[in-house]
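Listed here are the chains, written in short residue letters.
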Amino acid sequence: MMKLKYCSKCGKEVSEEAKFCPNCGTSIKQGRFDEFEVSSEDLVGKVKNLIHEGNVRRIVVKNEAGESLLEIPVTVGVIGFLLAPYLAALGVIAALVTKSTIVVERRE
């Protein structure tokens, strides 16, 4: 797993030295990020597994060009009933892309 630094607001990758996001200007806070490349068949299952791990704060799904397609805030309120629309959207994304990247922001 490769540790990367991303903006917590817009999801864009930022340099390690950055104090503010060059895209949206948000203050960059240190966090732990993991990135996974998955095929369309594995997208929904991988996201479900990540959510069930319990130490995930946010999940961003990106296409092959690196554009954010879906951002899932993983809070206690999102787990369960409110997660269903996100999973439906993931199903649509999986049907439209062949490969995607999942960026996971984890709690320290």
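Up top you'll find the structure we're talking about.
Residues numbered from 1 in each chain as written. Predicted model: local features only at pLDDT ≥ 70, side-chain atom pairs only at ≥ 80, totals over all residues. Heavy atoms only, no water.

Caption draft 1: Just the packing of helix α1 (residues 43-53) against helix α2 (residues 84-96), in detail. At their nearest, the axes of α1 and α2 sit 9 Å apart, and the two run at 145 degrees to each other. Note on element contacts: α2 touches α1 through Leu87, Leu90, Gly91, Ile93 and Ala94, opposite Leu43, Val44, Val47 and Lys48. Along the lines of polarity and charge, the residues of the contact of α1 with α2 split into seven nonpolar, one polar and one charged. (Axes fitted to C-alpha atoms, helices over the stretch in contact; angles between N-to-C directions. Helix = DSSP H or I, 4+ residues; strand = E, 2+ residues; numbered from the N terminus. Contact = heavy atoms within 4.5 Å. Nonpolar A, V, L, I, M, F, W, Y, C, P; charged D, E, K, R; others polar.)

Caption draft 2: Structural context of the sheet that holds strand β1 (residues 32-39). Spatial strand order, β1-β4-β2-β3: four strands in an open sheet with antiparallel pairing. The open sheet has two free edges, formed respectively by β1 and β3 (68-73), since each of these has just one partner strand. Neighbouring strand axes in the sheet, compared pairwise and without regard to direction, differ in orientation by 20 degrees on average. Judged from the eight bridges that link them, β1 and strand β4 (residues 99-106) form a sheet pairing that is antiparallel. Across the sheet, residue Phe36 finds its bridge partner in β4, namely Ile102. (Pairing = 2+ DSSP bridges.)

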